[in-house]
Amino acid sequence: MAVAKARISFADVRASVKRMQFEGEKLVTRIRKDAESLATRTRRETVSSLLSDARKLRTDIRDRAEKAIKDLDSQRERILASIEEQGTRLVERVVKGLNLVSSQEIAALNKRLGEIERRIQELAKERAA
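What you see is a predicted model, and the numbers here were worked out from it, not measured in a lab. (Residues numbered from 1 in each chain as written. Predicted model: local features only at pLDDT ≥ 70, side-chain atom pairs only at ≥ 80, totals over all residues. Heavy atoms only, no water.)

A. A look at the environment of Ile8. As for its placement among the helices and strands, Ile8 is situated in the segment before α1 (10-98). Look at Ile8 and you get exposed, because its relative accessible area is 62%. With 40 residues separating them in the primary sequence, Ile8 and Ser48 have C-alpha atoms 57 Å apart. (Helix = DSSP H or I, 4+ residues; strand = E, 2+ residues; numbered from the N terminus. Buried < 20%, exposed > 50% of the residue type's maximum accessible area, 1.4 Å probe, protein only.)

B. Highlighting a nonpolar patch on the surface. A cluster of nonpolar side chains, Leu90, Val91, Val94, Val95, Leu98 and Leu100, forms an exposed patch at the surface whose accessible area comes to about 540 Å². Within the secondary structure layout, Leu100 lies in the loop between α1 and α2 (103-128). (Patch = residues over 30% accessible without salt bridge, like charges linked within 9 Å, V, L, I, M, F, W, Y side chains within 5 Å. Areas by Shrake-Rupley, 256 points an atom, 1.4 Å probe, with all protein chains shown as cover. Salt bridge = Lys/Arg side-chain N within 4 Å of Asp/Glu carboxyl O.)

C. Spatial organisation of α1. For α1, which comprises 89 residues, the first-to-last C-alpha distance of 128 Å matches the rise-based estimate of 132 Å (1.5 Å per residue) to within 8%. Asn99 occupies a position one or two residues after α1 and carries a positive phi of about 60°. (Expected span 1.5 Å × (residues − 1).)

D. Focus on the pattern of salt bridges. Enumeration according to the criterion identifies 7 salt bridges in this entry. Put simply, Lys26 and Glu23 hold a salt bridge, and the shortest N to O gap is 3.8 Å. With Lys26 and Glu23 both in helix α1, this residue pair falls 3 residues apart, about one helical turn. Overall, Glu23 belongs to the partly exposed group, its relative accessible area being 41%. A salt bridge links Glu122 to Arg118; the shortest N-O distance between them is 3.0 Å. Here the residue Glu122 and the residue Arg118 both occupy positions in helix α2, the gap between them amounting to 4 residues, near one helical turn. Note on Glu122: relative accessible area 39%, which makes it partly exposed. Overall, the relative accessible area of 44% leaves Arg118 in the partly exposed class.

Right under this line is the structure:
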């Protein structure tokens, strides 16, 4: 049983190694360029993402500030209404304590006085006739 051995010349081995070296260098160069591209793209994406997040944050802060202002305005209106109501009650107590005549009482007296004047005029016309 004889096994046939293929003989490769030293020149063929040398050429094969040079080809592997050349292809390896091409592969390494391509990997380096792809890595640079990926790193650049990743940086761009990162910066873009940061800018997008900053814009969202700015919008969120603005919305929150507007809501806080609306809440403060509504609280201010409620507090002001409460103070006005308390002030009105206080003034009414003070006026009642001073025993002054109210505008409603003056209006009622004016009405009664008008009726009395009308009766007097009617009586005066009856006597004149």
